[in-house]
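Fold and contact review
The primary structure of each chain is shown beneath.
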Amino acid sequence: MKLYLDTAEIFIPDGQPTETALARTTHMGIGAHQDDLEIMALSGILECFQNDDKWFCGVVVTNGSGSPREDLYKDYTDEEMRMVRRKEQKKAAIIGEYSAQVLLDYPSSAVKGEEKAVVIEDISRLIQAAKPEVVYTHNLADKHDTHVGVALRVIETVRKLEAADRPQKIYGCEVWRDLDWVVDEDKVTFDVSARENLQAALLGVFDSQITGGKRYDLATMGRRRANATYFESHGTDIVNGMIYAIDLTPLMEAANLDIQSYLQGFIQRTSADMQARLARLQVTES
């Protein structure tokens, strides 16, 4: 498969031909940076792990060269960080037994600027080749511009695809803003209680981030446990780990559905829920 950048790569952990590896894909994660997939798309990774009938394909859009760095990596150039992060993402693909790991290698600016058309074209080629049933990407309320940019490019891509090439579901998942604030009726919940050892290994390979000053490994495992515990206030925990998402499928199915209005709907329903609770419980002074 020809991708736009010559430096882009499709890594196949088990050595199968690229066409075979993409064609067997059932679940696809499309993230902005190296380690985003392991944080937000774990449900798909776990569902496909050691399952001959289901395969996870990871797509990382940017090259990660601008990441913060400290300790061992504090004097690394952007190019050296790019290569380290690429290597780390491949390690995660091997540990998670991904069908394929795609590294599109764009600078972050490409996702948000004039080059976004070629980003969309690459994503389109990959989805058409893989025809995944499920796609995981970033949520629209994420506070990282590049994450939101990737989510928008994914939505723009699938809207242009023929119905036969579209996934059945698209989910916007948590990285740089959790989705605890969304009312429960709007939350999509993924039980990720299984294989905490695998989860730790997938996060732990990103040493440049952990040693470099960001404990994403501890924070991510902690958030999953917190989501599971705080999901229900009047019952005992039914799972040990949970990831929240919002359903982006309606934005694919209705091309005229305004994206900002769709996100605003989640915000308005949460606001209405808060206000109704206050009105119900507030003591009125006589």
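Details of the structure are given in the entry above.
Residues numbered from 1 in each chain as written. Predicted model: local features only at pLDDT ≥ 70, side-chain atom pairs only at ≥ 80, totals over all residues. Heavy atoms only, no water.

1. Side note on the overall build of the chain
To keep things clear, this is the line we draw: Only DSSP runs of H or I reaching four residues or more are called helices, and only runs of E reaching two or more are called strands; each is numbered from the N terminus. C-alpha atoms define the radius of gyration, and 2.2 Å times the number of residues to the power 0.38 defines the globule rule. Each residue is placed in one exposure class: buried if its accessible area under a 1.4 Å probe, protein chains only, is under 20% of its type's maximum, exposed if it is over 50%, and partly exposed if it falls in between. By definition, residues are in contact when any of their heavy atoms lie within 4.5 Å. Values of accessible area rely on a 1.4 Å probe in the Shrake-Rupley scheme; residue burial ignores everything except the protein chains shown.
The helix and strand tally for the chain stands at 12 helices and 8 strands. Against the compact-globule benchmark of 19 Å for 286 residues, the chain has a radius of gyration of 19 Å, which places it among compact chains. Seen through its principal axes, the chain has C-alpha atoms that stretch 75 × 45 × 40 Å. Across the 286 residues of the chain, 52% fall into the buried class. Counted over contacts in the chain with a minimum sequence separation of 6, partners at least 24 positions apart contribute 77%. When the accessible surface of the chain is totalled, it reaches about 13600 Å², and 49% of it is carbon and sulfur.

2. Thoughts on the nonpolar core
Defined as follows: For the purposes of this section, nonpolar cores are sets of buried Ala, Val, Leu, Ile, Met, Phe, Trp, Tyr and Cys residues that join through side-chain atoms within 4.5 Å.
Formed by 48 residues in total, the largest nonpolar core has its most connected members in Met28, Ile30, Leu104 and Leu126. If we ignore the near neighbours within four places in the chain, the residues touching Leu126 are Met1, Leu3, Ile10, Leu22, Met28, Val59, Val102 and Leu104.

3. A few points about helix 8 (residues 196–204)
Short version of the rule: Within this analysis, the arc is defined by the directions that extend from the helix axis to the C-beta atoms.
For helix 8, the full list of buried residues reads Leu198, Gln199, Leu202 and Leu203. All buried residues of helix 8 fall inside an arc of 130° around its axis, so they share one side. The inward-facing, buried residues of helix 8 abut helix 2 (36–40), helix 3 (42–48), helix 4 (78–95), helix 9 (207–210) and helix 10 (216–230).

4. What about unusual backbone geometry?
The backbone of Asp71 sits at a positive phi, close to 60°, despite the residue not being glycine. When you line up the elements, Asp71 lands in the loop between strand 3 (56–62) and helix 4. A relative accessible area of 48% means that Asp71 is categorised as partly exposed. For Arg177, which is not glycine, the phi dihedral falls at a positive 155°. Position of Arg177 among the secondary structure elements: in the loop between strand 6 (169–173) and strand 7 (188–191). Of the residues examined, Arg177 reaches a relative accessible area of 39% and is grouped as partly exposed.

5. Here we look at the pairing of strand 5 (residues 134–138)
A regular strand places its side chains on the two faces of the sheet in alternate fashion. The condition that has to hold: Two strands qualify as a pair provided DSSP detects at least 2 bridges between them. We call a crossover right-handed when, viewed with both strands directed away from the observer, the connection leading from the first strand over the helix to the second proceeds clockwise.
A large share of strand 5 lies buried, amounting to 5 of its 5 residues. As judged from the 3 bridges shared by strand 2 (residues 27–31) and strand 5, these two strands associate in the parallel manner. Bridging across to strand 5, Met28 finds its partner in Val135. As paired strands, strand 5 and strand 6 are joined by 5 bridges and run parallel to one another. Across the sheet, residue Val134 finds its bridge partner in strand 6, namely Lys169. Read from strand 5 through helix 7 (residues 145–160) to strand 6, the crossover connection turns out right-handed.

6. Section: the environment of Phe231
Inspection of the secondary structure assignment puts Phe231 in the loop between helix 10 and strand 8 (242–247). When the C-alpha atoms of Phe231 and Arg277 are compared, they prove to be 17 Å apart, with 46 residues separating the residues in sequence. Those residues within four positions of Phe231 in sequence are excluded, and the remaining contacts are Asp184, Lys187, Thr189, Met242 and Tyr244.

7. Looking at the pattern of salt bridges
Cut-off, in case you're wondering: Think of a salt bridge as a Lys or Arg side-chain nitrogen and an Asp or Glu carboxyl oxygen that are within 4 Å of each other.
Evaluated as defined, the whole model comprises 20 salt bridges. Arg24 is the salt-bridge partner of Asp14, the closest N and O atoms lying 2.9 Å from each other. Taken together, the residues span a long stretch of sequence, with Asp14 in the loop between strand 1 (9–11) and helix 1 (18–23) and Arg24 in the loop between helix 1 and strand 2 at a distance of 10 residues. Owing to a relative accessible area of 18%, Arg24 belongs among the buried residues under this scheme.

8. Description of the packing of aromatic side chains
To describe a pair of aromatic rings, one takes the distance between the centres and the angle between the planes. Where we set the bar: Pairs were defined over the aromatic rings of Phe, Tyr and Trp, the Trp ring being its six-membered one, requiring ring centres within 6.5 Å. Orientation was assigned from the angle between planes: stacked under 30 degrees, edge-to-face over 60, tilted for the rest.
For the structure shown, the criterion picks out 9 aromatic pairs. Between Tyr136 and Tyr171, the aromatic rings sit 6.2 Å apart at their centres with planes inclined by 35°, giving tilted as the arrangement. Here Tyr171 lies in strand 6 and Tyr136 lies in strand 5, a separation of 35 residues in the sequence. When sorted by exposure, Tyr136 lands in the same class as Tyr171, which is buried.

9. Structural notes on the packing of helix 8 against helix 10
Going by this rule: Axes here mean lines fitted to C-alpha atoms, for a helix over just the part in contact, with angles spanning 0 to 180 degrees between N-to-C directions. With the far helix as reference, a near helix turned anticlockwise by less than a right angle produces a left-handed crossing, and one turned clockwise produces a right-handed crossing. Here the term charged refers only to Asp, Glu, Lys and Arg, the term nonpolar to Ala, Val, Leu, Ile, Met, Phe, Trp, Tyr, Cys and Pro, and the term polar to all other amino acids, Gly among them.
Two elements in contact, helix 8 and helix 10, have axes separated by 9 Å at closest approach and are oriented at 145°. Here helix 8 and helix 10 pass one another in a crossing that is right-handed. For the pair helix 8 and helix 10, the contacting residues are Glu196, Gln199 and Leu203 in the first and Asp217, Thr220, Met221, Arg224 and Arg225 in the second. Its residues assigned to classes, the contact of helix 8 with helix 10 shows 2 nonpolar, 2 polar and 4 charged.

10. Observations concerning the side chain of Asn227
Where we set the bar: Contacts described as polar in this section are N or O atom pairs within 3.5 Å, which, within protein, must combine one atom able to donate a hydrogen with one able to accept it, while residues neighboring in sequence count only if both atoms come from side chains.
The residue Asn227 is located in helix 10 in this model. At 3.2 Å, the side chain of Asn227 and the side chain of Glu174 are in polar contact. Residues contacting Asn227, with those up to four places away along its chain left out, are Glu174, Met242, Ile243 and Tyr244.

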